[in-house]
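# Structural description and commentary
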Amino acid sequence: MANRAQKEIFEFENIGPIKKAKIELGDLTIFVGPQSSGKTIALELIHLLFEENYKYISNSIKKSSMFYDKDVFSFLDKYLGENMSSIYNKENSSIKKNGKLVTLENLVINKSYKTGSEKTSNFIPAQRVLMFNRAGGLKVPDDFNNQDPFVLTDFTQEIREYLSEKNPNVKKLLNEDRIKLFPNKGSRIFISEIEDKIANSLFKEYSIYLEKTDKLSTRLVLNSENKKSIPFLSWSAGQREFAPLLLALIKLHSARKAKDYNLLIVEELEMGLHPDGVMNALLLILYTIHRGYKVILSSHSYHLLEFIWYLNQLKDSKLKSKKLELANIFLGENDHSQIVLNAFEKILKMDYKVYFFDKEDNEVKDITTLDSLHSNPAIAEWGGFNQYSKRMNNSYEKLYES
């Protein structure tokens, strides 16, 4: 396990749409950019190469496919999804980790790693809602095929195992009709103020339950005291999208104390969420960082960059009660417990990075400063988030002058 202070730097050249990228991970790293600019590819390659996570991935894919390791292109099709191996060219593509050239063939072709190689990176994919069937149960391996991206099938398998009898709490279903998954104050998985905020904002008086069905399988439902269960397809779109993220973070924080250095990757954090839901999801991510994980997010949400901009200003300010101010942003102006204030104090000290995947020149740019007055348009326009606001403001000035 690497030390948290150790830098992790990934460089990509001529990988799919990415012509050139140099990405140094912060405690929180955010990828922004238009669709099809290479964000997902970069996330999946970092997931593969982080520490020795390729050992876990290689072993997992080998279990499901006899011929995955005959060449690197066959492996990439199994890992990234059908026909995605075209992003890689042996002659022109280049991958470096911490300055050293990485040869994918040497990592995954004809390699046999020790069974049980530790998983050091966790990936929550954008297609996460596809882990559920129509009834709200988790899909089984036969519901997927070898052409589906590995990160989706692996994520589904991980959550399915967590909600199986391997989890001591789930064993209660043998004698009960349902068990509460969230909120669950007795578990102490989240700080109570954070758990209350998430529950009230996204689920109101309802709780998420794992319910036994007539066929002795299980499904997720919403339920409140003295009310009938609400099936998965009747949830709001935001609730359905938020549930996989929430379950993954519950599993992550209940499984162990955070180690010195592990990675969580979340693709499109904001999927299906109202801005209030986006900020609640970000709150859980910040909690995860404070627990000792590094996190990478890809996003199309203005609110995430607005928060990083605000955080930059807050850090540079002379305000004495910075941790209180940050707690107020997420939890309202209430009396916060010392444990909450300590968490936000730690969050203030973390390192944050923002990278823009520019489709104009296919290069990835560090725009962490988010300086609206910067001479570089990529930074000044926050990777395209501000360009239309600026155009409309300029147009409004013309309208006013006329």
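See the structure printed just above.
As a starting point, this report considers the structure included with it. Note that the coordinates shown come from a computational prediction; the quantities given were computed from them, not determined experimentally.

## Some details on the overall build of the protein chain
Assigned secondary structure in the protein chain consists of 13 helices and 14 strands. Computed over its C-alpha atoms, the radius of gyration of the protein chain comes to 22 Å, within 12% of the 21 Å expected for a compact globule of 402 residues. With respect to the three principal axes, the spread of C-alpha positions in the protein chain is 70 × 60 × 45 Å. Looking at the protein chain residue by residue over its 402 residues, the buried ones come to 51%. The distance from the centre of the 56 positive side-chain charges to the centre of the 53 negative ones in the protein chain is 4 Å.

## A word on the packing of aromatic side chains
Going through the model one piece at a time under the given rule, you end up with 15 aromatic pairs. A centroid spacing of 6.2 Å and a plane angle of 55° characterise the contact between F73 and Y88, whose relative ring orientation is tilted. A residue pair is termed long-range when its members are at least 10 positions apart, and F73 in helix α3 (residues 72-80) and Y88 in the loop between α3 and β4 (94-97) qualify at 15 residues. For the pair W309 and W382, a centre-to-centre distance of 6.4 Å together with 40° between the ring planes defines the contact as tilted. Taken together, the residues W309 in helix α9 (residues 302-316) and W382 in the loop between α12 (377-380) and α13 (387-401) connect sequence positions 73 residues apart. With relative accessibility at 34%, the residue W309 sits in the partly exposed group. Assessed through its relative accessible area of 3%, W382 is described here as buried.

## What about the sheet that holds strand β9 (residues 218-223)?
Pairing between sheet strands relies on hydrogen bonds along the backbone, with the strands arranged either parallel or antiparallel. Spatial ordering of the open sheet is given by β7-β8-β9-β10, a layout of four strands whose pairing is antiparallel. The sheet is open, and its two edges are formed by β7 (178-182) and β10 (230-231), each paired on a single side. Direction of pairing for β9 relative to β10: antiparallel, over a ladder of two bridges. By the bridge assignment for β10, L222 is matched with I230.

## Observations concerning empty space enclosed by the protein
To find the voids left in a structure, one rolls a probe of water-molecule size over its atoms. Evaluated as defined, the whole model comprises two cavities of 30 Å³ or more. For the largest cavity, the calculated volume is near 60 Å³. As for the largest cavity, its lining consists of N122, F123, I124, F155, E158, A248, K251, L252 and L264. Mapped by element, the contributors of at least two residues to the lining of the largest cavity are β6 (121-124), α5 (150-162) and α7 (237-255). Here the lining of the largest cavity is composed, by residue class, of six nonpolar, one polar and two charged. Estimated volume of the second largest cavity: approximately 30 Å³. What lines the second largest cavity is simply I18, S37, F357, D358, K359, N362, E363 and V364. Residue assignment for the lining of the second largest cavity shows that the elements contributing at least two residues are β13 (352-358) and β14 (363-366). Looking at the lining of the second largest cavity, its residues break down into three nonpolar, two polar and three charged.

What counts, and where the lines are drawn
Residues numbered from 1 in each chain as written. Predicted model: local features only at pLDDT ≥ 70, side-chain atom pairs only at ≥ 80, totals over all residues. Heavy atoms only, no water. Helix = DSSP H or I, 4+ residues; strand = E, 2+ residues; numbered from the N terminus. Rg over C-alpha atoms; globule rule 2.2 N^0.38 Å. Buried < 20%, exposed > 50% of the residue type's maximum accessible area, 1.4 Å probe, protein only. Lys, Arg positive; Asp, Glu negative; His and termini not counted. Charge placed at Lys NZ, Arg CZ, Asp CG, Glu CD. Phe/Tyr/Trp six-rings, centres within 6.5 Å; stacked < 30°, edge-to-face > 60°. Pairing = 2+ DSSP bridges. 1 Å grid on protein atoms, 1.4 Å probe; cavity = no way out; pocket = protein on both sides within 12 Å on 5 of 7 lines; lining within 4 Å. Points joined across faces, edges and corners; volume = space filled by probe spheres on them. Nonpolar A, V, L, I, M, F, W, Y, C, P; charged D, E, K, R; others polar.

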